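Residue-level listing of the chains:
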Amino acid sequence: MADLPFHVVTQKEIPEELLQIIEKKKEGAFHLTYEDGGTLYIVVGYGAMDTGGYSIEVPGFYLSDGGIVIDTNLLGPQEEAVRQISYPYIVVSTEWREEPVLYQ
């Protein structure tokens, strides 16, 4: 088991094609991977929520015998959250690897 470097991708940094895929899937919980120019993007979506104010943490991102493990937790909503449907998801990027991605 070895920690892997990763970057939490901002909305502006997400490739346009990947944004379109996320838009189609965001209503329900989803996982997906996307490769672009030697970069591996890993997306974890939590589906529709009744309010905004959620955040997502990544307490674990590492290489195991079975593949790349990504562990995420949905946090929130904050008490002053706006009563509006939101679709929390996180996009992380790392160097392209052949191993499968395992979601926890």
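So, a few notes on the structure that sits alongside this text.

### A look at the environment of Thr 51
Residue position: Thr 51 is located in the loop between β4 (39-46) and β5 (55-64). Here Thr 51 falls in the buried class, since its relative accessible area comes to 8%. Once the C-alpha coordinates of Thr 51 and Arg 83 are considered, the two residues, 32 residues apart in sequence, prove to be 4.6 Å apart.

### Considering the pairing of strand β6 (residues 67-75)
As defined by bridge partners, β5 adjoins β6 across eight bridges and the pair is classed as antiparallel. Directly across from Tyr 62, in β6, lies its bridge partner Val 69. The antiparallel hairpin formed by β5 and β6 contains two residues in its connecting segment.

### Section: the pairing of β4
Most of β4 sits out of view: six of its eight residues are buried. Alignment of strand β3 (residues 29-36) against β4, held across eight bridges, turns out to be antiparallel. Bridge pairing in β4 links Asp 36 to Thr 39. Turn length for the β3-β4 hairpin, with the two strands adjacent in sequence and antiparallel, is two residues, and the turn residue Gly 37 shows positive phi of about 60°. Pairing of β4 with strand β7 (residues 89-95), which is carried by seven bridges, proceeds in the antiparallel orientation. Bridge pairing links Val 44 to Ile 90 in β7.

### A closer look at the sheet that holds strand β1 (residues 2-3)
Strand order in the open sheet made by the four strands is β1-β5-β6-β8, with mixed pairing throughout. Here the strands that pair on one side only, and so sit at the sheet edges, are β1 and β8 (101-103).

### Thoughts on the packing of aromatic side chains
Per the counting criterion, the structure on display carries two aromatic pairs. Aromatic side chains Phe 6 and Phe 61 sit 5.0 Å apart centroid to centroid with 50° between the ring planes, which places their arrangement in the tilted category. Remark: Phe 61 occurs in strand β5 and Phe 6 occurs in the loop between β1 and β2 (7-8); sequence separation between them is 55 residues. With relative accessibility at 34%, the residue Phe 6 sits in the partly exposed group. An angle of 55° between the planes, with centres 6.2 Å apart, marks the rings of Tyr 34 and Tyr 41 as tilted. In this structure, Lys 26 packs its charged tip against the face of Tyr 87, placed 4.5 Å from the ring centre.

### Side note on unusual backbone geometry
Between Gly 76 and the following residue, Pro 77, the backbone shows a cis peptide bond with an omega angle of 5°. Position of Pro 77 among the secondary structure elements: in the loop between β6 and β7.

### Examining the sheet that holds β2
One open sheet accounts for four strands, arranged β2-β7-β4-β3; its pairing is antiparallel. Here the strands that pair on one side only, and so sit at the sheet edges, are β2 and β3. Bridging between β2 and β7 involves two bridges; their strand directions are antiparallel. Across the sheet, Val 8 pairs through a bridge with Val 92, a residue of β7. The sheet strands contacting helix α1 (residues 16-25) are β3, β4 and β7, and the helix crosses β3 at an angle near 165°.

What counts and what doesn't
The written sequence of each chain sets the order in which its residues are numbered from 1. For a predicted model such as this one, the threshold for reporting local features is a pLDDT of at least 70, and the threshold for listing and counting side-chain atom pairs is 80 or more; totals across whole chains, interfaces and linings nevertheless cover every residue. Excluded from the side-chain calculations are hydrogens and water; all other atoms, namely the structure's heavy atoms, are used. To qualify as a helix, a DSSP run of H or I must reach at least 4 residues; to qualify as a strand, a run of E must reach at least 2; elements of each kind are numbered from the N terminus. Three exposure classes are used, based on accessible area relative to the maximum for each residue type with a 1.4 Å probe and protein chains only: buried under 20%, partly exposed in between, and exposed over 50%. Whether two strands pair comes down to DSSP finding at least two bridges between them. Centre distance within 6.5 Å is the pairing criterion for rings of Phe, Tyr and Trp, where only the six-membered ring of Trp is used; planes under 30 degrees apart are then read as stacked, over 60 as edge-to-face, and the remainder as tilted. Here, a charge over a ring is recorded when the distance from Lys NZ or Arg CZ to the ring centre is within 6 Å and its angle to the ring normal is within 35 degrees. The contact criterion used is simple: two residues touch if any of their non-hydrogen atoms lie within 4.5 Å. Inter-axis angles, ranging from 0 to 180 degrees, are taken between N-to-C directions of lines fitted to C-alpha atoms, where helices are fitted over the stretch in contact.

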